[in-house]
There are 2 protein chains.
Amino acid sequence: MTRAPSSKPYHHGELREALVSAGRKLLEERGIRGFTLRECARRASVSHAAPAHHFASIDDLLAEIATRGYQELTAAMEAEARRAATPAARLVAQGVGYMAFAAAHPVLFQLMFGREANRFETPGLAAAAKSAYHLHVVAVEGVIPKAPLEVKQRMVDFAWASIHGFITLVLEGQIGDEDSPRALKARGLAMLAAMVETVVRAGGDP
Amino acid sequence: MTRAPSSKPYHHGELREALVSAGRKLLEERGIRGFTLRECARRASVSHAAPAHHFASIDDLLAEIATRGYQELTAAMEAEARRAATPAARLVAQGVGYMAFAAAHPVLFQLMFGREANRFETPGLAAAAKSAYHLHVVAVEGVIPKAPLEVKQRMVDFAWASIHGFITLVLEGQIGDEDSPRALKARGLAMLAAMVETVVRAGGDP
DNA sequence: CAAGATACTTGTCATTGTCTAGATTATATG
DNA sequence: CATATAATCTAGACAATGACAAGTATCTTG
């Protein structure tokens, strides 16, 4: 199918993918401000103007990278969730998946949830973000299926905010900067436990 | 005291302050990626190389702007907290102040809690961030003074994460993008109420 | 095989951060 | 007060960047 290029063919063949992949690495290495189109092109072994045929602008490439990020985040949450036996365990597990993804790809995560990627609004980006969001909704509904809709919505806000806030503060060094990785994980799990307890109570009280 | 410059004196007089002030406006206008030193210089009516005498690099200026941001955030939280009658009300009020500040200065807030400002580590930046953090500690301790230290610490994590996560998701458009400002504020308050209830319960149970 | 579309290169432009050298003003020392 | 010295600013230069234009090579389709 795809022939192995002997020397250097004029057509790259999979330049779009190569740019996304190189860009992702570059992003983690140098941060958002250090991200450049030309360096992506260099790493893909093409000229500096080649990317223009696949991405309208640097923001377009960033949006694509962010989109992939949302897809991976969703997959990471789902993978953890599958191991959970109860709805409450699933909510915790998704939180663990969420945090683990963010910790593994801190700059990508910041790109996804910063305002930079959204400057170039792609339908794919919105859809990918939506499906990650949907996982939170499903997990919370599993825990409090009989609660009124408004309570459910508020608890989705609450669950997501706790998870997202905690890992964001950790990544920025505001929380647990002096803790061992082990201790930090315990802090995260304690946070998730408190969150789930709140959700359970909100559904089971009345 | 400070004479009003008739035409254009060679020395600006307060260039450092002018750069910080101009930079802050520029930041909100164009986002982090659109922030440039030369535009700051232009807005302060000096040459492009003038800022170098006050800031070692563009990251240094960004760090200074972030530092001011933390100081203002602290002040905003304290101002709200002063109106609160009970410890629980204070915890909520500080959360309101936190969110209001973030909503009023979204890009500055993103700078403060992104990884960009921290690339250039200033002692002032760390101190300013610390004192904002300290307010959360004090507020939580007020609500559950008799709880064990570890519970307190976990609840500080929890409270801060909830507040920070919620407003971050709002700013990014992930939460409440279709709500009216009024409805969104209600969602925020509901979130804070759920958070405070959890903190109270964590302290009063045993 | 021809013709046109696609993928890529080279060259260019204004703009950027940072550096060096020089000009101007403030301050301190005698 | 005079003058040396430091602080502040300007002007010019450099490599790097994002974007655009124009040309070249390869693929595809008729």
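Quick caveat: nothing in here was measured; it's all calculated off a predicted structure.

Enquirer: What is the right way to look at the environment of Gly124(A) in this model?
Expert: Residue and element names in this part refer to chain A. Mapped onto the fold, Gly124 is located in helix α6 (residues 123-143). The partly exposed category is assigned to Gly124, whose relative accessible area is 32%. For Gly124 and Glu64, which are 60 residues apart along the polypeptide, the C-alpha to C-alpha distance reads 8.2 Å.

Enquirer: How should the packing of helix α3 (residues 58-81) of chain A against helix α4 (residues 87-104) of chain A be read in this particular structure?
Expert: Describing two packed helices takes the angle between their axes plus the distance from one axis to the other. Residue and element names in this part refer to chain A. It is the contact of α3 with α4, at a shortest axis distance of 7 Å, that shows an interaxial angle of 140°. Considering their axes alone, α3 and α4 lie oblique with respect to each other. Relative to α4, the crossing made by α3 is right-handed. Every residue of α4 that contacts α3 at Gly69, Glu72, Leu73, Ala76, Met77, Glu80 and Ala81 is listed here: Arg90, Ala93, Gln94, Val96, Gly97, Tyr98 and Phe101.

Enquirer: I keep staring at the relation of the copies chain B and chain A and nothing clicks. Help me out?
Expert: Put simply, the second copy of the chain is the first one after a rotation about an axis and a shift along it. Between the two copies, chain B and chain A, the superposition gives an RMSD of 0.0 Å; the rotation angle is 180° and the shift along the axis is 0.0 Å. Such a combination of rotation and displacement between the chain copies is what one expects of a two-fold axis. When C-alpha positions in chain B are compared against the rotation axis, the closest is assigned to Gly165(B), at 1.7 Å. Same-surface contact between copies: 100% of interface residues of chain B are shared with the interface of chain A.

Enquirer: I'm lost on the domain arrangement of chain A in this one. Help?
Expert: Often the size quoted for an interface is simply the accessible area lost on bringing the parts together. Residues and elements named next belong to chain A. Taken domain by domain, chain A holds domain 1 (12-55) and domain 2 (69-204). One C-alpha centre belongs to domain 1, the other to domain 2, and the line joining them spans 30 Å. Tallying the contact residues gives five residues for domain 1 and eight residues for domain 2. Summing both sides of the interface, domain 1 and domain 2 together bury roughly 620 Å²; the carbon and sulfur share of this comes to 62%. Here domain 1 is connected to domain 2 by one salt bridge. The partner of Arg24 in a salt bridge is Glu72, and the shortest N-O contact between them spans 2.4 Å.

Reading the values: the criteria
- Residues numbered from 1 in each chain as written.
- Chains lettered and ligands numbered in written order.
- Predicted model: local features only at pLDDT ≥ 70, side-chain atom pairs only at ≥ 80, totals over all residues.
- Heavy atoms only, no water.
- Helix = DSSP H or I, 4+ residues; strand = E, 2+ residues; numbered from the N terminus.
- Buried < 20%, exposed > 50% of the residue type's maximum accessible area, 1.4 Å probe, protein only.
- Axes fitted to C-alpha atoms, helices over the stretch in contact; angles between N-to-C directions.
- Parallel < 35°, antiparallel > 145°, perpendicular 65-115°, else oblique.
- Left-handed = near helix turned anticlockwise from the far one by under 90°.
- Contact = heavy atoms within 4.5 Å.
- Least-squares fit on C-alpha atoms with pLDDT ≥ 70 in both.
- Domains from an automatic or database assignment.
- Buried area = accessible area lost by both parts, 1.4 Å probe.
- Salt bridge = Lys/Arg side-chain N within 4 Å of Asp/Glu carboxyl O.

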